[in-house]
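# Overview (structure and organization)
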Amino acid sequence: MSEAASSASLPRQERRPPPSSRTRRAIIWSLILVVLLTVALGAKPVYHWLKARRAEQFAAAGDASAQAGKWDDAAQKYRAALQLDPLGYRGLEGGARLATRLGRPEAVDLWEQVYKLPQCTTADRQEYGELLVKLDRLNVAERIIERLLKSDPDTRTLDLAARYSHKMGDSAKAIEFARLAVNRSPNDSAARFQLADLLAQTTDLAQRAEARKLLWQITGTEGIYKRPAIEALARAPELSGDERNRVLEALDALSPPNITDALLGADLRIQLHPEDTDRIYDETIARWSRGEMADSIQLARWLNLHQQPERVLTLFSLERALKNNELFLTRLEALGILQRWNEIDELLTRSDLSFDPSVVESFRARTAQERNATLDAELHWNHAVALAVGDPLKLRFVANFAERSHATAAALKAYEQLAKFPEHAALAYRGIQRQSQQTGEVSAQLAAAEKISALAPDDPDAADQLVYLNLLLETDVEANLVTAKKLAEKYPNRLSFRVTAALGYLRHHDAGSALAQFKAPAPIDWKRAQPAWRAVYAAVLLANDRNDEAREMIGTIPLDRLSPEERALLEPQETK
């Protein structure tokens, strides 16, 4: 190579980076790549953490708004929290409590999500269970209550178990749980009031006396249960004269006074001094007739209940009644008691009435019915139902009013229309079932029972009623007897379930097992039992050749309240 060439190539060799420089550059680029990969891989968790953190802040703000009674603001905050973190405990729990307090339908779904979370507390489960019992979602409630009872249940859990058992119709179990709650917290007025309320509903005189004793104890303490305890005592049917006077003193001492307590006191005074009844009416009217509209309405209803329609008409003028629909209804009721149907009909034609047309037509139907104008009554009932179609609340009014008016056909039509609304279907089918019982149409009752059972597959009452009707019609006796036996074994304190099982054994020609269903530790108060249950018992007695006892039982049954199939159960008595 020439010298010139060598000299020309030297500058290029001098510009080439040394090996150590190239290594450092590679390391730097590698580190940058690692950092970029780390950021890329960690961005998603960091993003979720930030969202969860922000959701917690919204939930905390929602808690603060809820404590301050700012419901709308609290709802917005919880909604924002759940939008950021749909499964966040604080947002779900806060939203569930708020929805429960406000009676919102989404409360159940929110609590269900809370229940699934590992952070779910005993208090959360208790509130969820209480809501389910309140809404008659008893099958789901049972699962939650069983879990709560397994781990040293506190007073609130025992109280919840008592209310659940009461809803299930197991009064003995309800009282047992209520006693455990009182034993655990002897000074808890809520637990003692719950036990007293359950004992007061029994037919056992000793238990009702115990209920009064508990209520008297509660009246001697200060707290939110003092007034309810005094009011419960005022309604007790077995008070002595001295006890009535003590209750009167307690009612008069309550502050501030209210119309409910005043009317309870008036009832007690009438019981103690029937010779002063007119004076008591006049004093009560003078004290409460010029108060709030709600007080006036309650006073008018009380007077109508005491068959004092003239006082209602004198006290509340037509002009005043026209200013409030509920007060106007009490005036119509007073006129009805007096059989002044022409006057009612005239009032219903007024152009200044603010009633819905379906309500007006219902009253016109009732008026025609009372005047024995059968065709006019049917026309107005049909018109009332037609006007209410499409509005479930109006249909409920028409159905209920027709049922109370003993207009069975109209009530059935209204309930059938109401059944088209899913959220009202269960109520509607129960109404159809009641009306079908009035007509004695077991097939119609069965159709309604099948609908109810389908809507509430976990409701034991619905299952029992369906089985009873199938057995009454002698349909699938073997299968229905199996179901009846399972229900009676699971709920041994439910007389209705044991009656169904007895009918099943009777249809299966096993008279001895049928009779065994009525062997209970506590005697059955047949005077309070439904006519159908007495009919089944009488039929079982006949099948066991206990004819004298059967005839005695049959003598207590109003046969016109039995279906043809139930009356047929008693036919062996007629052939002997």
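Residues numbered from 1 in each chain as written. Predicted model: local features only at pLDDT ≥ 70, side-chain atom pairs only at ≥ 80, totals over all residues. Heavy atoms only, no water.

### A few points about the overall build of the protein
As a reminder, the rule being used: Here a helix means four or more residues in a row that DSSP labels H or I, a strand means two or more in a row labelled E, and each is numbered from the N terminus. It is over C-alpha atoms that the radius of gyration is taken, and the globule rule equals 2.2 Å times the number of residues to the power 0.38. Type-normalised accessible area, obtained with a 1.4 Å probe on protein chains alone, sets the label of each residue: buried when under 20%, exposed when over 50%, and partly exposed for intermediate values. We call two residues contacting when some pair of their heavy atoms lies within 4.5 Å. Working definition of accessibility: Shrake-Rupley area with a 1.4 Å probe, residue cover restricted to the visible protein chains. In this charge count, Lys and Arg are treated as positive and Asp and Glu as negative; neither His nor the chain ends contribute. To locate a charge, take NZ of a lysine, CZ of an arginine, CG of an aspartate or CD of a glutamate.
Helix and strand content of the protein: 34 helices and 0 strands. In summary, the protein has a C-alpha radius of gyration of 35 Å against a globular reference of 25 Å for 576 residues, an excess of more than 25%. Principal-axis analysis of the C-alpha atoms places the extent of the protein at approximately 145 × 65 × 55 Å. With 576 residues in all, the protein has 44% of them scored as buried. Across the protein, contacts joining residues at least 24 apart in sequence account for 50% of those joining residues at least 6 apart. Surface exposure of the protein reaches about 31600 Å², of which carbon and sulfur atoms provide 52%. Positive and negative side-chain charges in the protein, numbering 76 and 80 respectively, have mean positions lying 9 Å apart.

### Structural notes on the nonpolar core
Which entries qualify depends on this criterion: Among the buried residues, those of types Ala, Val, Leu, Ile, Met, Phe, Trp, Tyr and Cys that are joined through side-chain atoms within 4.5 Å form a nonpolar core.
Grouped together as the largest cluster of nonpolar side chains are 61 residues, with contacts concentrated most on V247 and L251. Counting 59 residues, the second largest nonpolar core, distinct from the first, contains L263, Y281, L327 and Y429.

### Describing the pattern of salt bridges
The following threshold applies: Any carboxyl oxygen of Asp or Glu within 4 Å of a side-chain nitrogen of Lys or Arg constitutes a salt bridge here.
The final tally for this structure, using the stated rule, is 37 salt bridges. Among the salt bridges present, the one from E222 reaches K226, with a minimum N-O distance of 3.0 Å. Taken together, the shared-partner salt bridges connect E93, R97, D124 and E127 into one network.

### Topic: the environment of L541
Looking at the secondary structure, you find L541 in helix α31 (residues 531-543). On the basis of relative accessibility, which here comes to 1%, the residue L541 falls in the buried class. Taking the C-alpha atoms as reference points, L541 and R551, separated by 10 residues in sequence, lie 9.1 Å from one another. Once you skip the residues sitting within four places of it in the chain, L541 turns out to touch L515, R546, E549 and A550.

### Comments concerning the side chain of T202
Spelled out, the test is: Pairs of N or O atoms within 3.5 Å make up the polar contacts considered here, provided that, within protein, one atom can donate a hydrogen while the other can accept it, and that residues adjacent in sequence are counted only when both atoms are side-chain atoms.
The topology assignment puts T202 in the loop between α10 (189-200) and α11 (205-219). Classification of T202 as buried rests on a relative accessible area of 14%. Within the structure, T202 has its side chain in polar contact with the backbone nitrogen of D204 (distance 3.5 Å). A polar side-chain atom of T202 sits 3.2 Å from a polar atom in the side chain of Q207. Those residues in contact with T202 that lie beyond four places of it in its chain are I175, Q207 and R208.

### Details of the packing of helix α7 (residues 138-149) against helix α8 (residues 155-167)
For any two helices packed against each other, one specifies the crossing angle of their axes together with the interaxial distance. Our working definition: Only the stretch in contact is used when fitting a helix axis, every axis being a line fitted to C-alpha atoms; angles between N-to-C directions are given from 0 to 180 degrees. In this scheme, a crossing is called left-handed if the near helix is turned counterclockwise away from the far one by less than a right angle; it is called right-handed if the turn is clockwise. Each residue is assigned to one of three groups, with Ala, Val, Leu, Ile, Met, Phe, Trp, Tyr, Cys and Pro labelled nonpolar, Asp, Glu, Lys and Arg labelled charged, and all others, Gly among them, labelled polar.
Viewed as axis vectors pointing N to C, α7 and α8 meet at an angle of 145 degrees, and their least axial separation amounts to 10 Å. The chirality of how α7 crosses α8 is left-handed. Contact with α7, carried on its side by L138, A141, E142, I145, L148 and L149, involves T157, L158, L160, A161, Y164 and K167 of α8 and no other residues of that element. Tallied by class, residues from the contact of α7 with α8 come to 9 nonpolar, 1 polar and 2 charged.

### Digging into helix α23 (residues 392-404)
Formally: Every helix has an expected span of 1.5 Å times one less than the residues it contains.
Across its 13 residues, α23 extends 18 Å between first and last C-alpha, which sits within 8% of the 18 Å expected from 1.5 Å per residue. Those residues of α23 that sit buried are P392, L395, V398, A399, F401, A402 and E403. Lining the buried residues of α23 we find α21 (357-370), α22 (374-388), α24 (408-418) and α25 (425-439). If you check the start of α23, you find a side-chain oxygen 3.1 Å away from the backbone N of L393, and it comes from D391.

### What about the packing of helix α29 (residues 495-507) against α31?
Test applied: By definition in this entry, angles of less than 35 degrees are roughly parallel, angles greater than 145 are roughly antiparallel, angles of 65 to 115 are roughly perpendicular, and the rest are oblique.
As a packed pair, α29 and α31 sit with axes 10 Å apart at the nearest point and diverge in direction by 40 degrees. One finds that α29 runs oblique with respect to α31. Crossing geometry of α29 relative to α31 is assigned as left-handed. Taken together, the residues of α31 that come into contact with α29 (itself represented by L495, S496, V499, A502, L503 and L506) are W533, V536, A539, V540 and A543. Considered class by class, the residues forming the contact of α29 with α31 number 10 nonpolar, 1 polar and no charged.

### Some words on the environment of A74
Along the chain, A74 turns up in helix α3 (residues 71-84). You can call A74 buried: its relative accessible area is 0%. For A74 and L466, which are 392 residues apart along the polypeptide, the C-alpha to C-alpha distance reads 45 Å.

### A short note on the environment of K77
Looking at where K77 falls in the secondary structure, it is placed in helix α3. It is 53 Å that separates the C-alpha atoms of K77 and V499, two residues lying 422 residues apart in sequence. Setting aside chain neighbours within four positions, we find K77 in contact with F58, A61 and G62.

### Details of the confidence of the model for the protein
Using the following cut-off: Note on scores: pLDDT gives the predictor's confidence for each residue, bounded by 0 and 100.
When pLDDT is averaged across the protein, the result is 87; 90% of the residues are at 70 or more. Throughout residues 1-14 the model reports pLDDT below 50, and contacts reaching past four residues in sequence, or to other chains, amount to 1 contact.

### Remarks on the packing of aromatic side chains
Applicable threshold: Here a Phe, Tyr or Trp ring, Trp counted by its six-membered ring, pairs with any other such ring whose centre lies within 6.5 Å, and the pair is stacked when the planes are under 30 degrees apart, edge-to-face when over 60, and tilted otherwise. The rule for a charge over a ring is simple: NZ of Lys or CZ of Arg within 6 Å of the ring centre, and within 35 degrees of the ring normal.
Summed over the entire model, instances satisfying the criterion amount to 11 aromatic pairs. Measuring from centroid to centroid gives 5.6 Å for Y281 and W302, while their planes differ by 70 degrees, and the two rings are edge-to-face. Of this pair, Y281 sits in helix α15 (residues 277-288) while W302 sits in helix α16 (residues 293-305), placing them 21 residues apart in sequence. Accessibility expressed as a relative area gives 4% for Y281, which makes it buried. Aromatic side chains F397 and F401 sit 5.6 Å apart centroid to centroid with 15 degrees between the ring planes, which places their arrangement in the stacked category. Pair noted here: F397 and F401 are both in helix α23, with a separation of 4 residues, about one helical turn. Residue class for F397 comes out partly exposed when judged on its relative accessible area of 26%. Put simply, the rings of F363, W381, F397 and F401 touch in pairs and so form one group of aromatic residues. Of note, R54 hangs over the ring of F58, and the distance from its end group to the ring centre comes to 4.4 Å.

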